[in-house]
Amino acid sequence: QVQLVESGGGLVQPGGSLRLSCATSGSIFSINAMGWYRQAPGKERELVAAISSGGSTNYADSVKGRFTISRDYAKNTVSLQMNSLKSEDTAVYYCNVAFARLRPWGQGTQVTVSS
C-alpha cells in the first residue's frame, strides 16, 4: 500500500523559512511527477509546486520565487523549501502525485505563519 508521510511543519514568523519533507514508496516516486498541495481553512486543496520525474518544476503564482521543490531519488523523498513565508501560506501541506491519479492522502503537516 502506498503511503505518503509528510513532516517538517511548524509555527514560524512572517518572513521566516521552513523545509517540508515527504517520504513515499519507490513504486510511485520513480515514475510520477510529485507535488506539494496545501489546504487552508475554508478553502479547497490546491497544488502549489510540482516536480517531474526528470526534474522540471512548476509553481503556483502565489509561491513562485519563494518556494523550491526538489526530489531525492536515493531516499524516495520530495522536499519543499519555503522562504519569505507570509500569513497566507498558513495551511496543512500534503504531498501526492501530480498531474496523474492521486493516491490516498497522508496526514499532512501544519504550517502556521504568525507573529
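Here's what I pulled together on the structure shown here. (Residues numbered from 1 in each chain as written. Predicted model: local features only at pLDDT ≥ 70, side-chain atom pairs only at ≥ 80, totals over all residues. Heavy atoms only, no water.)

## Digging into the packing of aromatic side chains
Stated precisely, the cut-off is as follows: Any two rings among Phe, Tyr and Trp, with Trp reduced to its six-membered ring, count as a pair given centres within 6.5 Å; such a pair is stacked if its planes are under 30 degrees apart, edge-to-face if over 60, and tilted if neither. For helices the rule is a DSSP run of H or I covering at least 4 residues; for strands it is a run of E covering at least 2, with both sets numbered from the N terminus onward. Relative accessibility under 20% of the residue-type maximum defines a buried residue, over 50% an exposed one, and the middle range a partly exposed one, all with a 1.4 Å probe and only protein chains included. Either the NZ atom of lysine or the CZ atom of arginine qualifies as a charge over a ring when it sits within 6 Å of the ring centre and within 35 degrees of the ring normal.
Using the criterion set out here, one finds two aromatic pairs in the structure. Pairing Y37 with W105 gives two aromatic rings, centres 5.1 Å apart and planes at 90°, and the pair type is edge-to-face. Residue Y37 is found in strand β4 (residues 34-39), and its partner W105 is found in the loop between β9 (91-97) and β10 (109-113); the two are separated by 68 residues along the sequence. Residue Y37 is classed as buried on the basis of its relative accessible area, which comes to 9%. W105 sits in the partly exposed class, given a relative accessible area of 32%. In this structure, R45 is placed above the aromatic ring of W105, and the distance from its NZ or CZ to the ring centre is 4.0 Å.

## Concerning the sheet that holds strand β3 (residues 18-24)
The criterion, for reference: DSSP calls a pair of strands paired once it identifies at least 2 bridges connecting them. Axes here mean lines fitted to C-alpha atoms, for a helix over just the part in contact, with angles spanning 0 to 180 degrees between N-to-C directions.
Across the sheet, which stays open at both edges, the four strands sit in the order β1-β3-β8-β7 with antiparallel pairing between neighbours. Each end of this open sheet is capped by a strand with a single partner; those strands are β1 (4-7) and β7 (67-72). For this sheet, the mean inter-axis angle between neighbouring strands, taken without regard to orientation, is 15°. Bridge count for β7 against strand β8 (residues 77-82) is six bridges, and the pairing is antiparallel. Bridge assignment links D72 to a residue of β8, and that residue is T77.

## Quick notes on the environment of I28
We apply this condition: Contacts are assigned to residue pairs that have any heavy atoms within 4.5 Å of one another.
Structurally, the position occupied by I28 is in helix α1 (residues 26-29). You can call I28 buried: its relative accessible area is 3%. Spatially, the C-alpha atom of I28 lies 25 Å from that of L18, the residues being ten residues apart in sequence. With sequence-adjacent residues up to four places away left out, I28 is seen in contact with V2, L4, M34, V97 and R103.

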